[in-house]
Amino acid sequence: MLKVSFKTLLAKCWRDPVWRGVLFQNGLILVIVLIGYQIIQNTLHNLETRGISTGFDFLSQSAGFGIIQTLIEYDESFSFGRTFVVGFLNTLLVSSFGVVLATFLGFLVGIASLSSNWLLARLAGAYVECFRNIPLLLQIFFWYFAVLGVLPSPRESLVWGDSLFLNVRGIYLPKPELSGDTSIFFGAFVFVLLVLVALIWVGRRYKRQSGRTLPAMKTLSVVSLITIPLIAGWLSGVQLNWDLPVQGRFNLSGGLTLIPELVALLLALSIYTAAFIAEVVRAGIQSVSSGQREAAAALGLRQGRILKLVVIPQAMRVIIPPMTNQYLNLIKNSSLATAIGYPDLVNVFAGTTLNQTGQAVEVIAMTMAVYLLISLTVSLFMNLYNRYTAMVER
Amino acid sequence: MIEPRKPPVMNDGLPGWLKSRLFSTPLNTITTLVILYGFYLAVPAFWNWAVTEATWQASGSEECSSSGACWAFVNVRLNQFTYGFYPVDQQWRVDLFFLQLAVVIGWITLPRLKGKGWALAYGLLVMPFASWAMLYGGFAGLQTIETHLWGGLMLTLLLALCGMIASFPFGVLLALGRRSKLPMVRAFSTAYIEIWRGVPLITVLFMASVMLPLFVPENVVFDKLLRALIGIVMFQSAYIAEVVRGGLQAIPKGQFEAFASLGLSYWQGMIKIILPQAIRLVIPGIVNTFIALFKDTSLVLVIGLFDLLAIVQSGLSDPVWLGNAVEGYLFAGLVFWLFCFGMSQYSKRLEKQL
């Protein structure tokens, strides 16, 4: 009885879904491992014949190239590891400003497209159809080469009120500078922030237990967050000075400079993404049935209260998930910076660093890992926020 | 006795429309006037620049009028923008490709034409290979045209088309894998999808162009265009997978149970029952990913391929034609816009039909 031939055993396994699953999955793992092994072998061999060493030692070597915009101290003598950080910070800079600008513009256009004014609604619709259907890279080029590229030279800068200059090398703004003992100012700010967080926590518990909200929390928090650090700073003698850009013989000096690469990228990214966000916002607001508005109006709520208490909370549930996608797209799209030479992660690391070291595998892997990390972090936070706002269903 | 009332205010016709749509409140009136003033400033100025004072025929930027657009630049370069560096005497092959594309797409999209299934099958299974073979040549007396000579609109269309069609089967497989009951298959598919969706296409293209040659044995040489295409397909199939997954999730559980109770195997049930319904549901979503891919093909310029945008961009640095950036970008933008807008209108129409 125990003499079951191998063939029948195999046939039996094949017919049994559980065994077939196990077989299939093991086969898949085997194939992936084999392909992976082959790729690693090929890569090691190819790198060896080209005389490229593997590993991350190159990160501590001196980079030897300059970067036109850095948020942290950097010059040619710093290491490739430092260029990685510089590029990463520049990516974060353009992404975060882009997200804020795109959200603002997107909400504006989205709400405008629902306006009762026919002309305004059509104009918003035209905006969406126009910018959504043209490649982002083309728009970046347009702003960079066709608009900012034809600005006057530094000598013939356009000037507004002696403190704002615009020329082909960028936008020059007054730069705020704090002098004196700034630690008290920032210390007070952090302290007030911590107290407010604690207060909000207490307030929420109070609301859960009693059903009533603590009075005037929002006004109080905004006012105290601004005034208390200011008073503390004023008492301890912190002063705010503006470092104005000054026109020299050949160039402008001082102040805060926004390089044209950054400006073009920000303009293109936010205008392009805003077209998508506008559609998301429009769909979200339209998803709230008109009965909800009418019911709220019948209860005697005014227009502003209806929007704030009834329409927007329900619209946000529909808006947040696609909005998350748009934020992620914007962050990933910021990598197009490399095409106009804005020193983002892809440009200084996957571009210049890769060319200088030849460490393709490590460099590309690190670049991809960073974007993956950003993507996963943003989706995690947006999912948490989404869960917080989602409808409670039984 | 009821007092006589005033007649109701006229609310229809042009005056009624104007009043309700443009001048209903003071704020609305101000908005309308501001927008109209903006039009008054912008439209005549643009018209003058683009049409009235534009130059259509010239042999260099210097012959163009300074106050109008220099369309002569686009005019002179039109051939290059369309065909790239494809030899002029061989361009009939590209025309044939365009024609074939137009016929197949027209057949699929225009209503009231019979045999859409056949057109679709031809478009998906035969056209990409036939087009590639025809463009590359090297058989039946056709001259071989190396891929580095391909460019312009032709390359944009070819990349978008091949990228989309090749990524579709992988996308469907990945979507099925992500919904599979087998944990290893599910984990692999999920990881693949999330990784490719989490990184920018530009890094994928870099990877395809720099790392792919390292992955294969030394003596295997990959064409640059083919490498870009592999990168695009790897990237795009993850997006297709998510769209198809949406369709799969929308199929009621009863359908799965029904095919199982009929005794159909997993693959039989999927191919005959589930996928046709699921894909039908998500055709608008697929068209939307196609629009995204079409725009994204412009990124191949960072790895040195000359698609429409790249060829316009390189034309701008020609010393004879300096200072025509606006005209060049407007032209390229218009071409991209026409294709994408057309596709988005088609997707909207489908959404209404389904």
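Residues numbered from 1 in each chain as written. Chains lettered and ligands numbered in written order. Predicted model: local features only at pLDDT ≥ 70, side-chain atom pairs only at ≥ 80, totals over all residues. Heavy atoms only, no water.

*Asks:* I'd like a rundown of the pattern of salt bridges, residues and numbers included.
*Replies:* Under the defined criterion, the tally for this structure stands at eight salt bridges over all chains. Here Glu279(A) makes a salt bridge to Arg132(A), at a shortest N to O gap of 3.9 Å. Here Arg132(A) lies in helix H4 (residues 118–132) and Glu279(A) lies in helix H8 (residues 260–287), a separation of 147 residues in the sequence. Given the relative accessible area of 21%, Glu279(A) is considered partly exposed. Among the salt bridges present, the one from Glu194(B) reaches Arg178(B), with a minimum N-O distance of 3.2 Å. Note that Glu194(B) is positioned in helix H7 (residues 183–198) and Arg178(B) in helix H6 (residues 152–178), a separation of 16 residues in sequence. Classification of Arg178(B) as buried rests on a relative accessible area of 16%. The network of salt bridges with common partners includes Glu129(A), Arg132(A), Glu279(A), Arg282(A) and Lys348(B). (Salt bridge = Lys/Arg side-chain N within 4 Å of Asp/Glu carboxyl O. Helix = DSSP H or I, 4+ residues; strand = E, 2+ residues; numbered from the N terminus. Buried < 20%, exposed > 50% of the residue type's maximum accessible area, 1.4 Å probe, protein only.)

*Asks:* Explain the sheet that holds strand S3 (residues 170–173) of chain A to me, and be specific about the residues and the numbers.
*Replies:* Residue and element names in this part refer to chain A. The strand order across the open sheet formed by four strands is S1-S2-S3-S8, and the pairing between neighbours is antiparallel. Each edge of the open sheet is held by one strand with a lone partner, namely strand S1 (158–160) and strand S8 (256–258). Each adjacent strand pair in this sheet contributes to an overall mean axis angle of 15°, direction not counted. Sheet analysis places S1 next to strand S2 (residues 164–167), joined by three bridges and oriented antiparallel. In the sheet register, Val 159 faces S2, and the bridge partner there is Phe 165. (Pairing = 2+ DSSP bridges. Axes fitted to C-alpha atoms, helices over the stretch in contact; angles between N-to-C directions.)

*Asks:* With reference to specific residues and values, describe the interface of chain B and chain A.
*Replies:* Facing the 57 residues of chain B at the interface are 50 residues of chain A. On the chain B side of the contact with chain A, Leu214(B), Lys295(B) and Tyr329(B) bury the most area, a combined 14% of that side's loss. Along the contact surface separating chain B from chain A lie one salt bridge. Close ionic contact of Glu129(A) with Lys348(B) constitutes a salt bridge, the shortest N to O distance being 3.3 Å. Joining chain B to chain A, the criterion identifies 16 residue pairs in polar contact (both at pLDDT 80 or more). Among the elements of the structure, helix H1 (13–21), helix H2 (26–52), H7, helix H8 (201–215), helix H12 (283–296), helix H13 (308–315) and helix H14 (325–353) of chain B are those that each provide at least two residues to the side of chain B that touches chain A. Looking at the side of chain B that touches chain A element by element, the count peaks at 12 residues for H14(B). Residue composition of the side of chain B that touches chain A, by class: 39 nonpolar, 12 polar and six charged. (Contact = heavy atoms within 4.5 Å. Buried area = accessible area lost by both parts, 1.4 Å probe. Polar contact = N/O pair within 3.5 Å; in protein donor to acceptor, adjacent residues only side chain to side chain. Nonpolar A, V, L, I, M, F, W, Y, C, P; charged D, E, K, R; others polar.)

*Asks:* Just give me the short version of the environment of Ile303(B), but keep the residues and values in it.
*Replies:* Residues and elements named next belong to chain B. Following the sequence through the fold, Ile 303 ends up in the loop between H12 and H13. Taking the C-alpha atoms as reference points, Ile 303 and Leu 225, 78 residues apart in sequence, are found 9.7 Å from one another. Beyond its immediate sequence surroundings of up to four residues, Ile 303 is in contact with Leu 205, Phe 206, Ser 209, Lys 224 and Ala 228.

*Asks:* Can you tell me about unusual backbone geometry, naming the residues and giving the values?
*Replies:* The phi torsion of most residues other than glycine is negative, and most of the peptide bonds are trans. At Ala140(B), a residue that is not glycine, the phi angle is positive and equals roughly 50°. Inspection of the secondary structure assignment puts Ala140(B) in the loop between helix H5 (116–136) and H6.

*Asks:* Would you mind going over the UniProt feature "domain: ABC transmembrane type-1" (unreviewed entry) in chain B in detail, with residue names and values included?
*Replies:* As recorded in UniProt, the sites labelled "domain: ABC transmembrane type-1" (unreviewed entry) are residues 153–347 of chain B. Taken end to end, residues 153–347 of chain B comprises 79% helix and 0% strand; its first and last C-alpha atoms sit 22 Å apart. (UniProt positions renumbered as here; feature names shortened; annotations may be inferred.)

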